[in-house]
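Each chain, letter by letter, is given below.
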Amino acid sequence: MEYHHQISGALKYGTMKNYFTTENYLKDYLKAKHHTSDIYLKQLDYEFTLGFESYLRLMPSLQNNGVMKHMERFKKLIRLAVHLNWIEKNPTQRFKLHFDQVDMVYLSKPELEKIKNQEFEKTTLSINRDIFVFSCYTGLPYGDVKVLNKNHLQVGVDGKKWIYMRRSKTNTAVRIPLLEEAERILDCYKDHPRIDGTDNLLPVYSNQKTNQYLKEIAEKVKIRKKLSFHTARHTFATTVTLANGVPIETVSKLLGHHKISTTQIYARVIDSKIADDMATLREKLKK
């Protein structure tokens, strides 16, 4: 673990935090089931791997996908040990990861309009609503919106403002033409005191505070969906672009996906929405 942390300087803080959590679970597992605080790598076997998975499943805070993410990190660490010739065989090689499919949360057009038009007494809610809506019209995740600055604004081939940046998570270059709604929000906050004296374009709060405010916003507008920057990104891909006829190849580029197959999940969501709408229409026509 310590060697992995030393050579992983390029990993983001959140990713490293997740590895530390996996490490703590491993230490707890060793104490609880093996009555030790350490173990030689050569002592690890497939039984140890299965035992660790079973131990994780006893954690009340972990669902299947959470367990699988910890097992995925554990497998990566063991592969590193094999590559370094610290052990000859990989005790996790036969262990298969099985993730449950998670329903994609995105906002419909009426829901998005409802959030945009809502009046809030608290200034913090208005700010976070606007930043969330900005993400709905650009597809940018939280980390990229937080670091967005004046250098990222360029004039595109059409003579209008574009965002040119690299995604902080994947280092993939993205070029996003600014839609009117997104540009309006940037103009609204260009002189905001929280970013005065900086090159930042939006007064983004901490991740924890942002999620707290988004939860409050959802309650205020009476939308029974979890609002997050994932939700905003999904909304951009579905309601804002694909549902309005933007080709999937273009959406894939805007999202910074390496493979178009990654973007196709959004197209399947759109197809299912069409099917649901047509089913509703059939029922109305029968009446």
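Quick caveat, the model's predicted, so the values are computed rather than measured.

### Examining the overall build of the chain
Scanning the chain for helices and strands turns up 12 helices and 3 strands. Going through the 287 residues of the chain one by one, you find that 43% of them count as buried. Restricting to contacts in the chain with at least 6 residues of sequence separation, those with at least 24 account for 59%. Accessible surface for the chain amounts to roughly 17,900 Å². Of this, 50% is attributable to carbon and sulfur atoms. Computed over 47 positive and 32 negative side-chain charges, the inter-centroid distance for the chain is 2 Å.

### Examining the environment of D100
Inspection of the secondary structure puts D100 in the loop between α4 (64-83) and α5 (109-117). Separated by 43 residues in the primary sequence, D100 and G143 place their C-alpha atoms 26 Å from one another. Each residue touching D100, except ones within four places of it in the same chain, is listed here: N64 and N65. A polar contact of 3.4 Å, which involves the side chain of D100, links it to the side chain of N64.

### Let's talk about the pattern of salt bridges
This structure, assessed with the given rule, holds 12 salt bridges. E183 is paired through a salt bridge with K161; the nearest N and O atoms lie 3.8 Å apart. Here K161 lies in strand β2 (residues 161-166) and E183 lies in helix α8 (residues 180-188), a separation of 22 residues in the sequence. You can call K161 partly exposed: its relative accessible area is 36%. Residues joined in a network through salt bridges with shared partners are E113, K116, E181 and R184.

### With respect to helix α10 (residues 229-241)
Its axis deflected by about 35 degrees at T235, α10 carries its strongest bend there. Buried residues dominate α10, accounting for 12 of its 13 residues. Those residues of α10 lying buried are F229, T231, A232, R233, H234, T235, F236, A237, T238, T239, V240 and T241. Those residues of α10 hidden inside the fold are in contact with α5, α6 (123-136), α7 (142-147), α9 (207-221), α11 (248-255) and α12 (260-286). For α10, the side-chain oxygen to backbone nitrogen distance between the N-cap and H230 is 3.2 Å, and the N-cap itself is S228.

### Comments concerning a nonpolar patch on the surface
On the surface, a cluster of nonpolar side chains totalling about 380 Å² of accessible area is made up of I274, M278, L281 and L285. Looking at the secondary structure, you find I274 in helix α12.

### Digging into the nonpolar core
The tendency in soluble globular proteins is for nonpolar side chains to be buried side by side. Grouped together as the largest cluster of nonpolar side chains are 51 residues, with contacts concentrated most on F132, F134 and L202. For this core, the element with the highest residue contribution is α6, accounting for 7 residues. Those residues in contact with L202, other than ones at most four positions away along the chain, are I131, F134, V145, I185, L186, Y189 and I195. Of all hydrophobic cores here, the second largest spans 19 residues; its members include Y25, L44, M68 and F95.

### Let's talk about the packing of aromatic side chains
In this structure the tally under the stated criterion is 8 aromatic pairs. Ring plane angle 50 degrees and centroid distance 6.1 Å describe the contact between W162 and Y164, whose orientation is recorded as tilted. Judged by its relative accessible area of 15%, W162 falls in the buried class. For Y164, a relative accessible area of 26% puts it in the partly exposed group. Pairwise contacts between aromatic rings join Y29, F48, F52, Y55 and F74 into one cluster. Over the ring of Y106 we find K225; its NZ or CZ atom is 5.7 Å from the centre of that ring.

Rules used in this analysis
- Residues numbered from 1 in each chain as written.
- Predicted model: local features only at pLDDT ≥ 70, side-chain atom pairs only at ≥ 80, totals over all residues.
- Heavy atoms only, no water.
- Helix = DSSP H or I, 4+ residues; strand = E, 2+ residues; numbered from the N terminus.
- Buried < 20%, exposed > 50% of the residue type's maximum accessible area, 1.4 Å probe, protein only.
- Contact = heavy atoms within 4.5 Å.
- Areas by Shrake-Rupley, 256 points an atom, 1.4 Å probe, with all protein chains shown as cover.
- Lys, Arg positive; Asp, Glu negative; His and termini not counted.
- Charge placed at Lys NZ, Arg CZ, Asp CG, Glu CD.
- Polar contact = N/O pair within 3.5 Å; in protein donor to acceptor, adjacent residues only side chain to side chain.
- Salt bridge = Lys/Arg side-chain N within 4 Å of Asp/Glu carboxyl O.
- Bend = angle between axes of the 7 residues up to and from the residue.
- Patch = residues over 30% accessible without salt bridge, like charges linked within 9 Å, V, L, I, M, F, W, Y side chains within 5 Å.
- Core = buried A, V, L, I, M, F, W, Y, C linked by side-chain atoms within 4.5 Å.
- Phe/Tyr/Trp six-rings, centres within 6.5 Å; stacked < 30°, edge-to-face > 60°.
- Lys NZ or Arg CZ within 6 Å of the ring centre and 35° of its normal.

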